[in-house]
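Reading the structure
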Amino acid sequence: MLETILFYLFAATSVTTALLVISRVNPLMSALWLVVCLASSAGLFALLSAPFLAIIQILVYAGAVMVLFLFVIMLIDISKEALKPRVVRFAKVVAVSITGYFTVIVCIVLWRPSFLPAPLADAAYGDVKVLGKMLLTDYAVPFELASLLLLAAMIGAVVMGKKKL
Amino acid sequence: MDFGTDILIALGKVVLIVVMVLNLIPLLIWMERKGAAYIQDRRGPNRCHILGIRLGGIIHSLADAVKLVTKGSTSTSATFHPLFVIAPMISLFVACVTVAVIPFTEPLVIGDFTFQFQIADLSAGLLYVIALSSLSVYAILLAGWSSGGKFSLLGALRGSSQMISYELAMGLAIVAIFLVSGSFRLNDIVAEQGAIPWHWNAVRLPLSFILLFTAMFAETNRLPFDLPEGESELSAGYHTEYSAMRFGAFFMAEYAHLVVGSLIVTLLFFGGWHIPFLSSATLHAHASDVLRILWIIGGIKALLLGAFLVRHFVRRKGYWGDLRDYEFLVFGVPLLLVGLALAVGFFVVGPVVLPEWASRLLVFLLQLGVMLAKTLFFVWVFIWVRWTLPRFRYDQLMRLGWKVMIPLGLVNIFIAGMMTMYLER
Amino acid sequence: MNLNGISLLFLFALAVIVGLVMVVGTSFLGKWRGNKARFIPYECGLDPVGSPRSRMPLKFFLVAVIFIIFDIEVVFLYPWAVVFRDFVADGKGVLMLVEMAVFLGILALGFGYLWVRGALEWEE
């Protein structure tokens, strides 16, 4: 009962804040609404008995990535001109394609008699230890390759951020 | 026990723990001022009094609270109001919320009733604290940006890049603890350390302790890392434009972070609620003896303190020439009486053997007291360092964070890994 | 719904209420005497010069980017750290240590690159 209420609460918050993200003119406010959006999706993860994922969502997205966004917004001076409503090119094309996309999704949802019942998760589901064991045995190669990805990101950061190399 | 009672107990615990942490703040402010006075040989809080009662200066904290509440909240012409108001709330929110996973004692079990002095026993435990405390960057960042002053913005940027740099060192330091204890849950981490001091993580992982403790200074924005508010350069940093209770919220959050940080250090490295060499089982078995020893110590302490205060009164009679002279008597005489009562009572209570529930309760309270004592000790270390060390320069701070702490943190992980293999064998 | 979740919700609500009371209550409790000078941002008593939100150095950006990369690295370490003891008990401790050494070794390369390029230097 409470879980259902919470689910709808978090879901509604996610959707509302996501809309606010794209509709705010001030980029700072957009970024902050995105933080709220990410936090409420972390709440959804927690409800789905994936506490580790929920916490990583907050730690990485809300605590790190969005801080970078805010930094960038604060480093540049948001002048009055930047805060004017922007003119979107091909506005009609964008509007039509977005409407079409949502119509398709709504149709799919409505046509389907009911969602398949989710397979019952066993007790260990979402546990960090299970995740860690899978990550280090079955998925060892992707795990090692992730470090290469991070290495590339590091080099990219230096190339972008340093004036002289 | 039905679900309704459970919920009521949960609500009670939440209120109790939050009130406990928030009420420690005036005490810490008093400790800070007294510490500054003793360490730097200057006047501490000694003026405020209510009818001559000064309580060694604690009344100053009350005066502070009254003053902060009754002042007007200012803002500037360039203030961005919604964020300006929300920023101190975020700061306080984070400070209050991080206490959730902290276990203050072992669960109290009486019959089939279990009481755990912890708000939520999450499996992700320590990660929850790290994740939520990473959100406190927003408070600083938004406060600085929204108040519309140059000092504020510069303080905010400095503060947040300092915090994120040291967050890494903190994250790396706790990996070693996870390696050794094999769990994120704080209960497991404490239980794994046990009551023997050389099994505590401070002895097994000294490097980890140093890294985490140093990073905590930076995370709580305290000297020697208080660059976000470095008075000599930035007047007051990110909260330059704040006043009244909005400033008070930042102030309270800083001290609440201090309490939470000290609790975490105690739990992770100093065996939490364990009393050295006395495991819970030993304490339960000898609860009556423990009570007697506590009784005697309490009695002697009350007598000595009472005698000291009365002697002080006799020696310095007429020093102030007003009600303040009698303050020592107001506390000294009752303390002497309490001491005498305890001494007399010992002969009555002495031979009593405690029933099961009472011994459980006694051990529970004793461990709670030990936990809080250890925590207050680390709070004192924070204060001690603040009034002893000078401030870093910003480039020194960044160099320490990136070029010393992070490589050390990485090395520490391998040391801890090898140690775990050795211990497990 | 377990009790932990309910307690956490209580705590979150209480924390928000405490914050709200302090931040909003101050507007009602405090006396506010209007004065033009109060609206001027504090710049040590002088009239403010230029925009309050001027451009800031790019160094802060670089710190934030490097922070994200290392933060993700640390997140990868957590699941490894927690299961390490179980692996040691299975006799696979050395393998796991080597696996992590490879992971961290690649990142140490990147860290060395940052060091050599002076990305960790605060002064230019």
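Residues numbered from 1 in each chain as written. Chains lettered and ligands numbered in written order. Predicted model: local features only at pLDDT ≥ 70, side-chain atom pairs only at ≥ 80, totals over all residues.

1. Section: the overall build of chain B
Helices and strands together make up the secondary structure of chain B, namely 16 helices and two strands. Seen along its three principal axes, the alpha-carbon backbone of chain B occupies a region of about 70 × 70 × 45 Å. Scored against the burial criterion, the 425 residues of chain B give a buried share of 50%. (Helix = DSSP H or I, 4+ residues; strand = E, 2+ residues; numbered from the N terminus. Buried ≥ 20, exposed ≤ 12 C-beta atoms within 10 Å, placed from the backbone.)

2. Description of the domain arrangement of chain B
All names here are of chain B. Domains assigned within chain B are domain 1 (3–274 + 361–424) and domain 2 (285–354). Taking only C-alpha atoms into account, the centre of domain 1 sits 34 Å from that of domain 2. Taken together, the contact between domain 1 and domain 2 spans eight residues of the former and 10 residues of the latter. (Domains from an automatic or database assignment. Contact = placed C-beta atoms within 7 Å.)

3. Quick look at the interface of chain B and chain A
The figure often quoted for interface size is the accessible area lost as the parts come together. At the interface, 17 residues of chain B touch 11 residues of chain A. Here the side of chain B that touches chain A takes five residues from helix α4 (residues 125–133) of chain B, the largest share from any one element. Here the residues of the side of chain B that touches chain A are counted per class, giving 14 nonpolar, three polar and no charged. (Nonpolar A, V, L, I, M, F, W, Y, C, P; charged D, E, K, R; others polar.)

4. Regarding the environment of Phe 84 of chain B
Residues and elements named next belong to chain B. Within the secondary structure, Phe 84 is located in helix α3 (residues 81–97). Sequence-wise, Phe 84 and Ser 146 are 62 residues apart; in three dimensions their C-alpha atoms are separated by 5.3 Å. Residues contacting Phe 84, with those up to four places away along its chain left out, are Ser 75, Thr 79, Ser 146 and Ser 147.

5. Quick notes on helix α3 (residues 93–117) of chain C
Taking 1.5 Å per residue, 25 residues should reach 36 Å; α3 of chain C reaches 35 Å between its end C-alpha atoms and fits that length. Residues Gly 93, Met 96, Leu 97, Met 100, Phe 103, Leu 107, Gly 110, Phe 111 and Leu 114 of chain C constitute the buried set of α3 of chain C. Considering only its buried residues, α3 of chain C is in contact with α5 (128–136) and α6 (140–161) of chain A, α16 (394–424) of chain B together with α2 (59–89) of chain C. Note on α3 of chain C: the residue one or two positions beyond its end, Gly 118 of chain C, has a positive phi of about 80°. (Expected span 1.5 Å × (residues − 1).)

6. Things to note about the nonpolar core
Ranked by size, the top nonpolar core spans 187 residues in total, and within it Leu 92 and Val 175 of chain B together with Ile 66 of chain C carry the most contacts. Broken down by element, this core gets its largest block of residues, 21 residues, from α2 of chain C. Not counting the four nearest positions on each side in its chain, Ile 66 of chain C is found in contact with Met 154 and Ala 157 of chain A together with Leu 114 and Ala 119 of chain C. (Core = buried A, V, L, I, M, F, W, Y, C linked by C-beta atoms within 7 Å.)

7. Considering unusual backbone geometry
All names here are of chain B. Positive phi values are uncommon outside glycine, yet Asp 41 reaches one of about 55°. By the secondary structure assignment, Asp 41 is in the loop between α1 (3–39) and α2 (59–70). Despite not being glycine, Asn 221 shows a phi value in the positive range, around 55°. Examined against the element boundaries, Asn 221 turns out to sit in the loop between α9 (206–219) and α10 (231–234).

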